[in-house]
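Listed below are the residues making up each chain.
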Amino acid sequence: MTSTVPSHSPAVQTPARQRRLLGERPEFFTALMIAAVAIVVAFLNPDFLQVGMLFDILRSSTVVGIFALGVLVVLAAGGIDVSFTAIAALTMYSITKAVTLWWPQAPMPLILLAGASGGVLLGMLNGCLVDWLKAPSLIVTIGTQYLFRGFLLTFVGTVFFMEIPDPMDSFGRAALLRHATAEGAMSVLPASVLVLAAVAGLTWFILNRTLIGRAVYAIGGSLGIAERLGYRLRVVHMFVFGYAGLLAGIAGIVHVSSNRLANPFDLVGTELDVIAAVVLGGARITGGNGTVLGTLLGVLLVTLINNVLILAGVPSTWQKVIVGAFILVAGTLFSLRRVR
């Protein structure tokens, strides 16, 4: 005589509950990957478990995190943007050059505002072109990426600014926390992480508490249904690309201030790391979902892989391999969200 397990048994319900949890909150899986990487690195090299290392990780996550939050908004609307590093490079170098030449003592809030304004204009150009050309946003932003970078190198300049204006230098040196190690070395958590915190709070509020945030998710989820509900695709395109540009402009200014160097060739090639962080945070490349928490966790995971695996004896050439493997695993598991 065989016995059967009732369908309401916990043994039967547990896999379904896990699939449902993964579908609703994929950032839990991202957190598990972060924990696994941290445990492995800490086991192989106990030096990882130091306050200074935490400060270094947060510092390295700041600019990438600001970029990623802009990419999140674009992905949630069903688009993709690869021009944000070119926007950041053009705005940060142009503004640093202008401030250096004409107003060396310009207040830092005004410099950040100038970066945000320049980024918005370039981002809205992306939105206009995507809406006007009716072309895939990936193709459009590849084109504008080359356009912005070519304009920068041809008309703005290619000379490094080794001495940036004092307000930017002071902002880059400002410390939120300081920690002295047993050996007497000083670890600093820069105040620039507050910019990331403010941007994260603003992005969460826009996506979860405003009408435009609902429109972003609606259009990314189903364009036809969203249009029948009255959402305007042109408005959403202008907003998401403008917002991504705004954050790119801010990230550029933070990057220059933190490195105390304005290099027009900086940030090239970091686009895939940023997009990978957003995808690892649970955002679907086809749009309609994604969270600020998941994106920040994805940024933390990519930063860990790119900055601390060397402590575990992993060659730097394997970093991209590991990121790619994590994306494949995450993509496979995140597909379970369609299993209800």
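Scroll up to find the structure.
Rules of the game
Residues numbered from 1 in each chain as written. Predicted model: local features only at pLDDT ≥ 70, side-chain atom pairs only at ≥ 80, totals over all residues. Heavy atoms only, no water. Helix = DSSP H or I, 4+ residues; strand = E, 2+ residues; numbered from the N terminus. Buried < 20%, exposed > 50% of the residue type's maximum accessible area, 1.4 Å probe, protein only. Polar contact = N/O pair within 3.5 Å; in protein donor to acceptor, adjacent residues only side chain to side chain. Contact = heavy atoms within 4.5 Å. Phe/Tyr/Trp six-rings, centres within 6.5 Å; stacked < 30°, edge-to-face > 60°. Core = buried A, V, L, I, M, F, W, Y, C linked by side-chain atoms within 4.5 Å. Patch = residues over 30% accessible without salt bridge, like charges linked within 9 Å, V, L, I, M, F, W, Y side chains within 5 Å. Areas by Shrake-Rupley, 256 points an atom, 1.4 Å probe, with all protein chains shown as cover. Salt bridge = Lys/Arg side-chain N within 4 Å of Asp/Glu carboxyl O. Axes fitted to C-alpha atoms, helices over the stretch in contact; angles between N-to-C directions. Parallel < 35°, antiparallel > 145°, perpendicular 65-115°, else oblique. Left-handed = near helix turned anticlockwise from the far one by under 90°. Nonpolar A, V, L, I, M, F, W, Y, C, P; charged D, E, K, R; others polar.

Enquirer: Can you tell me about the side chain of S257, naming the residues and giving the values?
Expert: Its location among the elements puts S257 in helix 11 (residues 233-259). S257 gets classed as buried once you look at its relative accessible area, which sits at 0%. A polar contact is formed between the side chain of S257 and the backbone oxygen of I253, at a distance of 2.9 Å. Among all residues touching S257, those that are not within four sequence positions of it are M108, I164, M168, F171 and G172.

Enquirer: Requested: an account of the environment of T295, with residues and values cited.
Expert: As for its placement among the helices and strands, T295 is situated in helix 13 (residues 292-308). Overall, the relative accessible area of 1% leaves T295 in the buried class. Remark: the alpha-carbon pair of T295 and L280, spanning 15 residues in sequence, is separated by 7.5 Å. If we skip the residues at most four places from it in the chain, T295 touches A68, L69, L72, A277, V278 and G281. There is a polar contact of 2.9 Å between the side chain of T295 and the backbone oxygen of T291.

Enquirer: An account of the packing of aromatic side chains is needed here, citing residue identities and associated values.
Expert: How two aromatic rings sit relative to each other is set out by the distance from centre to centre and by the angle between their planes. Counted according to the given criterion, the structure contains 4 aromatic pairs. Judged by centre distance (5.1 Å) and plane angle (40°), the ring pair of F151 and F155 falls under tilted. Separated by 4 residues within a single helix, F151 and F155 lie in helix 6 (residues 137-156), roughly one turn from each other. Assessed through its relative accessible area of 61%, F155 is described here as exposed.

Enquirer: Before we move on, could you go through helix 12 (residues 271-280) and cite the residues and values that matter?
Expert: Of all 10 residues in helix 12, 8 are buried, a share of seventy percent or more. Listing the buried residues of helix 12 in full gives E271, D273, V274, I275, A276, A277, V278 and L280. Looking one or two places after helix 12, you find G282, whose phi comes out positive at around 105°.

Enquirer: Tell me what's going on with the environment of V41, and back it up with residues and numbers.
Expert: For V41, the location among the structural elements is in helix 2 (residues 27-44). Along the sequence, V41 and I310 sit 269 residues apart, while their C-alpha atoms lie 8.9 Å from each other. Here V41 is in contact with F48, V308, L309, L311 and A312, once residues within four sequence places are set aside.

Enquirer: Go over the nonpolar core with me, naming the residues and quoting the values.
Expert: In terms of nonpolar packing, the biggest core is built from 94 residues, with F48, F67, L69, I111, V240, V254 and L301 touching the most fellow members. Looking at this core element by element, the count peaks at 13 residues for helix 3 (residues 51-76). Excluding its chain neighbours within four sequence positions, the residues that come into contact with L69 are L196, V199, A200, T203, L247, V292, T295 and L296.

Enquirer: Talk me through a nonpolar patch on the surface; I want residue IDs and the actual numbers.
Expert: Side chains of L101, W102, W103, L110 and L113 sit close together on the surface and give an oily, nonpolar patch of about 610 Å² of accessible area. Going through the elements one at a time, helix 4 (84-102) and helix 5 (108-133) are the ones with two or more residues in the nonpolar patch. Examined against the element boundaries, L113 turns out to sit in helix 5.

Enquirer: Run through the packing of helix 4 against helix 11, naming residues and quoting values.
Expert: Across the interface, helix 4 lies against helix 11 with an axial gap of 8 Å and an inter-helix angle of 55°. With respect to their mutual orientation, helix 4 and helix 11 come out oblique. Classified by chirality, the crossing of helix 11 by helix 4 is right-handed. Every residue of helix 11 that contacts helix 4 at F84, I87, A88, T91, M92, I95 and T96 is listed here: G245, A248, G249, G252, I253, H255 and V256. When its residues are assigned to classes, the contact of helix 4 with helix 11 shows 8 nonpolar, 6 polar and no charged.

So far we have only geometry, and geometry alone does not tell us how the molecule works.
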